[in-house]
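Structural overview for review
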Amino acid sequence: MIQRRTLLQSGAAVAFGAPALVGFAQQSVTLKFHTFMSPQSNVWLNMHKAWMDKVTKDSDGRIKFEAYPAMQLGGSPVQLYDQAKDGVVDIVWTLPGNTPGRFPRIEVFELPFMMNNAEATSKAYWEYVQTVAKDEFREVQPLALQVHGPGVFHTRNKQIKTAEDLRGLKMRGPTRQITKMLSYLGASPVGMPLPQIPDSLSKGVIDGAVIPWEVVPAVKVNELTKFHSEFDPAGGALYTTTFVMAMNKAKYASLPPDLKAIIDKNSGMETSGWLGKVQQGGDVPGRESAVKQGNTIYTIPAAEAQEFKRKARLVEVEWMQDMDKRGFNGKQLLDSARALIEKHGKTTGAKKA
């Protein structure tokens, strides 16, 4: 009788308790990852896929991904952030600057000649959001925040050697701060997402674009332009763009604790720095693609960079004024970002621009 009662009690435990525990322990999840980057790009192959592969490995295969580059799930690049916010997809990688003015405080990293290198600036960006702009991405679960390597001028028919050379050129810019910069440098700025660049260049809608070297082959800019102008590192980096890898908040909250810990392990400052480092690492082969094409590359000397800085300084002034109007202390935010870039530059061996 005692043995029978024990068996019945064990059966009840299995019926009401154990399956839930076993299921919880073995629970797996498949996450939809969506971005605008092409499946042949450095970003997709060496950053996004590498990150997903690591998460899958760290979770012993319990976190899997459905991976969708090139907006394969529909919508436009501008809608990616809201796709994560609204749960249309689980994770996105996108430019906050696709929606101008929506994330104003992080635009500090896109100000002209602000960055040094992508790894240090990405770590600074993460710490900045955690300390002085924590609610900037309150609608999602930020996984990583990063920037790309130094921005470069790419033009169809005219070499850029001085700021004056930009006068009248229709130049693509990725975000509102960078289009402002192009305007103050004398160009006619045209804001557009990255995937529109090839068609716009081939049809003459734009005369050129500013993008980092690493993405040049993915959008065929090495084939569609003849001239490229980069800055001597001693003169600083023209600009960078901020990115966010974000997860739907409800999806993140629904993960069992052990899987949530895997996501956390692959998020944060170190992951942000790694993404920035890998993206800038693609600058070398990206530049080489222009060399192989027989294009002309000009390095703007540090002395000439001063004129670019002087003309672009108004972007910084206007951003601080905008922050003040929004109830933030613009100068304090700028000083904080610069201090964090300098701090992380020391730990990554990067020199301050």
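The structure contained in this document is the topic of the report that follows. What you see is a predicted model, and the numbers here were worked out from it, not measured in a lab. (Residues numbered from 1 in each chain as written. Predicted model: local features only at pLDDT ≥ 70, side-chain atom pairs only at ≥ 80, totals over all residues. Heavy atoms only, no water.)

1. Topic: helix H12 (residues 283–292)
- Within H12 the residues assigned to the buried category are Asp-283, Gly-286, Ser-289 and Ala-290. All buried residues of H12 project into a common sector of 120° when viewed along the axis, lining one side. Those residues of H12 that are exposed and aimed more than 90 degrees away from the buried face are Val-284 and Lys-292.
- Against the buried residues of H12 lie strand S8 (208–212), helix H8 (221–224), strand S9 (227–231), helix H11 (269–281) and strand S11 (296–300).
- Positive phi appears at Gly-294, one or two residues downstream of H12, with a value of about 85°. (Buried < 20%, exposed > 50% of the residue type's maximum accessible area, 1.4 Å probe, protein only. Helix = DSSP H or I, 4+ residues; strand = E, 2+ residues; numbered from the N terminus. Arc of directions from axis to C-beta. Contact = heavy atoms within 4.5 Å.)

2. Remarks on H11
- With 13 residues, H11 should reach 18 Å at 1.5 Å per residue; the first-to-last C-alpha distance of 18 Å fits that figure.
- All buried positions along H11 are accounted for by Thr-271, Ser-272, Gly-273, Leu-275, Gly-276, Val-278 and Gln-279. (Expected span 1.5 Å × (residues − 1).)

3. Examining the sheet that holds S8
- The mixed open sheet is built from six strands, whose spatial order is S7-S6-S8-S5-S9-S11. Taken across any chain shown, the strands that pair with only one partner, and hence form the sheet edges, are strand S7 (188–191) and S11. Shown here is a sheet whose adjacent strand axes are inclined to one another by a mean of 30°, direction ignored.
- In the sheet, strand S6 (residues 170–173) pairs with S7 via four bridges, with the strands oriented parallel. In the sheet register, Gly-173 faces S7, and the bridge partner there is Gly-191.
- In the packing of helix H13 (residues 302–325) onto the sheet, the strands contacted are strand S5 (151–155), S9 and S11, and the crossing angle to S11 comes to about 80°. (Pairing = 2+ DSSP bridges. Axes fitted to C-alpha atoms, helices over the stretch in contact; angles between N-to-C directions.)

4. A short note on the sheet that holds strand S3 (residues 91–94)
- Sheet architecture is open: five strands sit in the order S2-S1-S3-S10-S4, paired in mixed fashion. With partners counted over all chains shown, the strands left at the sheet margins are strand S2 (63–68) and strand S4 (141–147), one partner each. Sheet twist, expressed as the mean angle between neighbouring strand axes with direction ignored, is 20°.
- With respect to the sheet, helix H3 (residues 42–58) is in contact with strand S1 (29–35), S2, S3, S4 and strand S10 (242–247), its orientation differing from that of S2 by roughly 160°.

5. Overview of the side chain of Arg-105
- Its place among the elements puts Arg-105 in the loop between S3 and helix H5 (118–132).
- With residues near it in sequence (within four places) discarded, Arg-105 still touches Tyr-128, Val-132, Ala-133, Asp-135, Glu-136, Trp-319, Met-323, Phe-328 and Leu-333.

6. What to know about the pattern of salt bridges
- Evaluation of the coordinates by the stated rule reveals 22 salt bridges.
- The salt bridge partner of Glu-270 is Lys-123, with a shortest N-O separation of 3.7 Å. Of this pair, Glu-270 sits in helix H11 while Lys-123 sits in helix H5, and the two are 147 residues apart along the sequence.
- In this structure, Glu-316 and Arg-313 form a salt bridge, with 3.2 Å as the shortest nitrogen-oxygen distance. Highlighted residues: Glu-316 and Arg-313, both in helix H13, separated by three residues, approximately one helical turn.
- By relative accessible area, Glu-316 is classed as buried at 9%.
- The class for Arg-313 is partly exposed, based on a relative accessible area of 39%. (Salt bridge = Lys/Arg side-chain N within 4 Å of Asp/Glu carboxyl O.)

7. Regarding unusual backbone geometry
- Phi is positive for Met-71, which is not a glycine, with a value near 55°.
- One non-glycine residue, Lys-220, lies in positive phi territory at about 60°.
- In this structure, Lys-220 sits in the loop between S8 and H8.

8. Concerning the packing of H13 against helix H14 (residues 330–348)
- Two elements in contact, H13 and H14, have axes separated by 7 Å at closest approach and are oriented at 120°. In this view, H13 runs oblique relative to H14, as classed from their interaxial angle. Across from Glu-316, Trp-319, Met-320, Met-323 and Asp-324 in H13, the residues of H14 making contact are Gly-330, Lys-331, Leu-333, Leu-334 and Arg-338.
- When grouped by side-chain class, the residues that make up the contact of H13 with H14 number five nonpolar, one polar and four charged. (Parallel < 35°, antiparallel > 145°, perpendicular 65-115°, else oblique. Nonpolar A, V, L, I, M, F, W, Y, C, P; charged D, E, K, R; others polar.)

9. Quick word on the packing of aromatic side chains
- As enumerated under the stated definition, the model contains 14 aromatic pairs in all.
- On the numbers, 5.5 Å between centres and 85° between planes, the contact of Phe-113 with Phe-231 is edge-to-face. Here the residue Phe-113 occupies a position in the loop between S3 and H5, and Phe-231 occupies one in strand S9, the gap between them amounting to 118 residues.
- Among the residues examined, Phe-113 registers a relative accessible area of 13% and is labelled buried.
- With a relative accessible area of 10%, Phe-231 lands in the buried category.
- Measuring from ring centre to ring centre gives 5.0 Å for Phe-231 and Phe-308, while their planes differ by 85°; the resulting arrangement is edge-to-face. Of this pair, Phe-231 sits in strand S9 while Phe-308 sits in helix H13, and the two are 77 residues apart along the sequence.
- You can call Phe-308 buried: its relative accessible area is 0%.
- Through successive ring pairs, a cluster of aromatic residues spans Phe-33, Trp-44, Trp-51 and Phe-65.
- Looking at Lys-260, its charged tip hangs above the ring of Tyr-252, at a distance of 5.2 Å from the centre. (Phe/Tyr/Trp six-rings, centres within 6.5 Å; stacked < 30°, edge-to-face > 60°. Lys NZ or Arg CZ within 6 Å of the ring centre and 35° of its normal.)

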